[in-house]
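Close look at the chain arrangement
Below are the chains, spelled out letter by letter.
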Amino acid sequence: NAGVTQTPKFRVLKTGQSMTLLCAQDMNHEYMYWYRQDPGMGLRLIHYSVGEGTTAKGEVPDGYNVSRLKKQNFLLGLESAAPSQTSVYFCASSYSPRTTQSYGYTFGSGTRLTVV
Amino acid sequence: AQSVTQLDSHVSVSEGTPVLLRCNYSSSYSPSLFWYVQHPNKGLQLLLKYTSAATLVKGINGFEAEFKKSETSFHLTKPSAHMSDAAEYFCVVSDIRGKLIFGQGTELSVKP
């Protein structure tokens, strides 16, 4: 049982390049989330999804797009990377809001992205 | 809206001395609260959770936290710090839709 898997683990991009971060979960979770972690700011929600085919904006969505074409996958895209997007990105999933309130999320191990 | 404030960005203790990491929360209803730990260059690990059962919650590695509604606090404590406790700690509240809202983090340093 792999849980939540993020690929890649590390990436260096040049300003203006595009890339997609992949999050895959094998727990049949409905809810999936993308966060970014920056020093002194904790984790901030970028986008989330409450089920296959649905997405919604979080706290810091600008410069990112997401897609949830399959229940098990949640993709985070950067169309034109900027140095301000240098961060550690975490994906997380949960079965429902009730299970989140009882158990929290299952997190991936993170993707460290540097934009130069 | 729910929010959490971690009162210290950095705490330094000596090995064998008590640890206190402070967290205040704001919530319009009875919240679920969590502490997560992140060791250097690692992912997030759940330390403990409060979900409206006992107000004193015990977690892994000897950590515990007490939910105090009157003070809107959920401070994390450990009687005796170990070198392996050096990490960043996040206080987290769950909003009514099940989204987790993170505090800014407290970096714990443990001196030998």
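The structure presented is a predicted model; accordingly, all values stated were derived computationally and were not measured. (Residues numbered from 1 in each chain as written. Chains lettered and ligands numbered in written order. Predicted model: local features only at pLDDT ≥ 70, side-chain atom pairs only at ≥ 80, totals over all residues. Heavy atoms only, no water.)

Notes on the side chain of A:T111
Residues and elements named next belong to chain A.
- Structurally, T111 can be placed in strand β11 (residues 111–115).
- In this structure T111 comes out as buried when scored by relative accessible area, which is 0%.
- Here Q6 takes part through its side chain, which lies 3.4 Å from a polar atom of the side chain of T111.
- Here the side chain of T111 touches P8 through a polar contact of 2.6 Å, landing on its backbone oxygen. (Helix = DSSP H or I, 4+ residues; strand = E, 2+ residues; numbered from the N terminus. Buried < 20%, exposed > 50% of the residue type's maximum accessible area, 1.4 Å probe, protein only. Polar contact = N/O pair within 3.5 Å; in protein donor to acceptor, adjacent residues only side chain to side chain.)

Some thoughts on the sheet that holds strand β3 (residues 19–25) of chain A
Residues and elements named next belong to chain A.
- Judged by pairing direction, the sheet is antiparallel, and its 4 strands sit side by side in the order β1-β3-β8-β7 without closing on themselves. The outermost strands of the open sheet, each flanked by one partner alone, are β1 (4–7) and β7 (65–67). Neighbour-to-neighbour, the strand axes of this sheet turn through a mean angle of 20°, independent of strand direction.
- Note that β3 and strand β8 (residues 73–78) share 6 bridges and pair antiparallel. (Pairing = 2+ DSSP bridges. Axes fitted to C-alpha atoms, helices over the stretch in contact; angles between N-to-C directions.)

Some details on the confidence of the model for chain A
- Averaged over every residue, the pLDDT of chain A is 95; the share at 70 or more is 99%.
- Within chain A, the lowest mean pLDDT, 85, falls on helix α1 (residues 97–103) of chain A, and the highest, 98, falls on β8(A). (pLDDT = per-residue confidence, 0-100.)

Some words on the environment of A:T114
All names here are of chain A.
- Structurally, T114 is set in strand β11.
- Accessibility expressed as a relative area gives 31% for T114, which makes it partly exposed.
- Along the chain, T114 and S102 lie 12 residues apart, while their C-alpha atoms are 34 Å from each other.
- Setting aside residues up to four positions removed in sequence, T114 forms contacts with R11, V12, L13 and T86. (Contact = heavy atoms within 4.5 Å.)

Structural notes on unusual backbone geometry
- Residue A:P8 is reached from A:T7 by a cis peptide bond, and omega for that bond is -10°.
- For A:P8, the position within the fold is in the loop between β1 and β2 (10–13).
- In the Ramachandran plot, B:N41 falls in the positive-phi region, its phi being about 60° despite a non-glycine side chain.
- As for its position among the elements, B:N41 is in the loop between β5 (32–38) and β6 (44–50).
- Here B:T72, not a glycine, exhibits a phi torsion of approximately 45°, which is positive.
- Mapped onto the secondary structure, B:T72 falls in the loop between β8 (64–68) and β9 (73–78).
- The exposure class of B:T72 is partly exposed, given its relative accessible area of 32%.

A few points about the layout of surface pockets
- Taken as a whole, the largest pocket encloses approximately 540 Å³ of empty space.
- What lines the largest pocket is a set of 28 residues, and nearest its centre among them are A:Q37, A:R112, B:Q38, B:P40 and B:N41.
- Breaking the lining of the largest pocket down by element, the ones donating at least two residues are β9 (87–94) and β11 of chain A together with β10 (87–94) and β12 (106–111) of chain B.
- Each residue belonging to the lining of the largest pocket can be placed in one class, and the counts come to 10 nonpolar, 12 polar and 6 charged.
- Its volume calculated, the second largest pocket comes out at about 280 Å³.
- Taken together, 15 residues make up the lining of the second largest pocket; nearest its centre are A:L43, A:E59, B:L100, B:I101 and B:F102. (1 Å grid on protein atoms, 1.4 Å probe; cavity = no way out; pocket = protein on both sides within 12 Å on 5 of 7 lines; lining within 4 Å. Points joined across faces, edges and corners; volume = space filled by probe spheres on them. Nonpolar A, V, L, I, M, F, W, Y, C, P; charged D, E, K, R; others polar.)

Some remarks on the state of the cysteines
All names here are of chain A.
- Applying the stated criterion across every chain yields a total of 2 disulfides over all chains.
- Linked covalently through their sulfurs, C23 and C91 form a disulfide whose S-S length is 1.9 Å. Across the disulfide from C23 to C91, rotation about the S-S bond amounts to roughly -75°, and the bridge is consequently left-handed. Of this pair, C23 sits in strand β3 while C91 sits in strand β9, placing them 68 residues apart in sequence. The pair C23 / C91 is uniform in exposure class, with both members buried. (Disulfide = S-S within 2.5 Å.)

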